[in-house]
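Tertiary structure, described
Okay, here's what each chain looks like letter by letter:
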Amino acid sequence: MEHNGLLVVISGPAGAGKGTVVGELIKDDNVEVSISATTRAPRGTEKDGVEYHFLTREQFQQMIKQDGFLEYAEYVGNYYGSPKKQAELWMAQGKDVILEIEVQGCKKIKENNPECISIFIMPPSMEVLEHRLRKRATDSEESILKRLSRAREEISLARDYDYIIVNDGLSECIADVKTVLKAEKLRADRFDVSEMLS
Ligand code: 5GP
């Protein structure tokens, strides 16, 4: 596994800023973000193969049968899954692969890929999270309240992650994530001593 890239799970409640963090990380040529498959309908300007691979339930179930996912989960009535083939190919090429997924998916990834690194992006407080959601959302009050309640559930599971990084300022948050990835790469168990001595 020494030359493989890292498998990195990034989770966090809506409004924590994880999408922006991931957007910054993938500016590095050595970092790729996995495009998930989902059975939910495209929203707004979303395009197939860009934000998601949009599948029917039948296509999704077929992919489950063919062992095509690293993990999948049902979330608010739809399936979401991380395609296995592309992620494994990137890792074999030495690239770091980011999965931006919710908490159940992270749990499954950890069971099957114990070497993965999991990072939870935490908002500085519930007040700030609520403010961010209200500022950006075109959503109804009901939807904002749903997201806030979901955020509480997710935050209650944050201690299951390897790292919690508070997003109190984007540049510092991104720097912290990069520090984690750098340190993980320097772990002794990733060093091929036999290659050194040959
Ligand atoms: P949305 O429908 O808002 O794009 O995504 C809903 C939730 O599903 C988000 O928390 C997102 O991180 C999560 N998600 C997206 N792709 C995957 C995936 O492949 N697997 C899992 N488990 N969750 C995903």
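Right, let's walk through the structure included here.

What counts, and at which threshold
Residues numbered from 1 in each chain as written. Predicted model: local features only at pLDDT ≥ 70, side-chain atom pairs only at ≥ 80, totals over all residues. Heavy atoms only, no water. Pairing = 2+ DSSP bridges. Helix = DSSP H or I, 4+ residues; strand = E, 2+ residues; numbered from the N terminus. Salt bridge = Lys/Arg side-chain N within 4 Å of Asp/Glu carboxyl O. Buried < 20%, exposed > 50% of the residue type's maximum accessible area, 1.4 Å probe, protein only.

**A closer look at the sheet that holds strand E4 (residues 53–54)**
Read across the open sheet, the four strands follow the order E4-E3-E6-E5; overall the sheet is mixed. The open sheet terminates on both sides in strands that have one partner only, identified here as E4 and strand E5 (69–75). The pairing of strand E3 (residues 37–38) with E4 spans two bridges and is classified as parallel. Its bridge partner being in E4, Ala37 is matched across the sheet by His53.

**Focus on the pattern of salt bridges**
What the rule picks out here adds up to 13 salt bridges. Asp162 serves as the salt-bridge partner of Lys110, at 3.2 Å between the closest nitrogen and oxygen. Of this pair, Lys110 sits in helix H4 (residues 103–112) while Asp162 is found in the loop between helix H6 (141–156) and strand E9 (163–166), placing the two residues 52 residues apart along the sequence. Among the ionic pairs, Lys146 bridges to Glu142, the shortest N-O distance being 4.0 Å. Of the two residues, Lys146 and Glu142 are both situated in helix H6; the distance of four residues between them amounts to about one turn of the helix. Comparing Lys146 with Glu142 shows no difference in burial state: the two are exposed. Through salt bridges with shared partners, a single network forms among Glu102, Arg150 and Glu154.

**Things to note about the pairing of strand E8 (residues 117–122)**
Of all six residues making up E8, six are buried, and the element is well covered by its neighbours. Pairing geometry for strand E1 (residues 7–11) and E8, over four bridges, is parallel. Residue pairing across strands places Val8 opposite Ile117, the latter belonging to E8. Pairing geometry for E8 and E9, over four bridges, is parallel. By the bridge assignment for E9, Met122 is matched with Val166.

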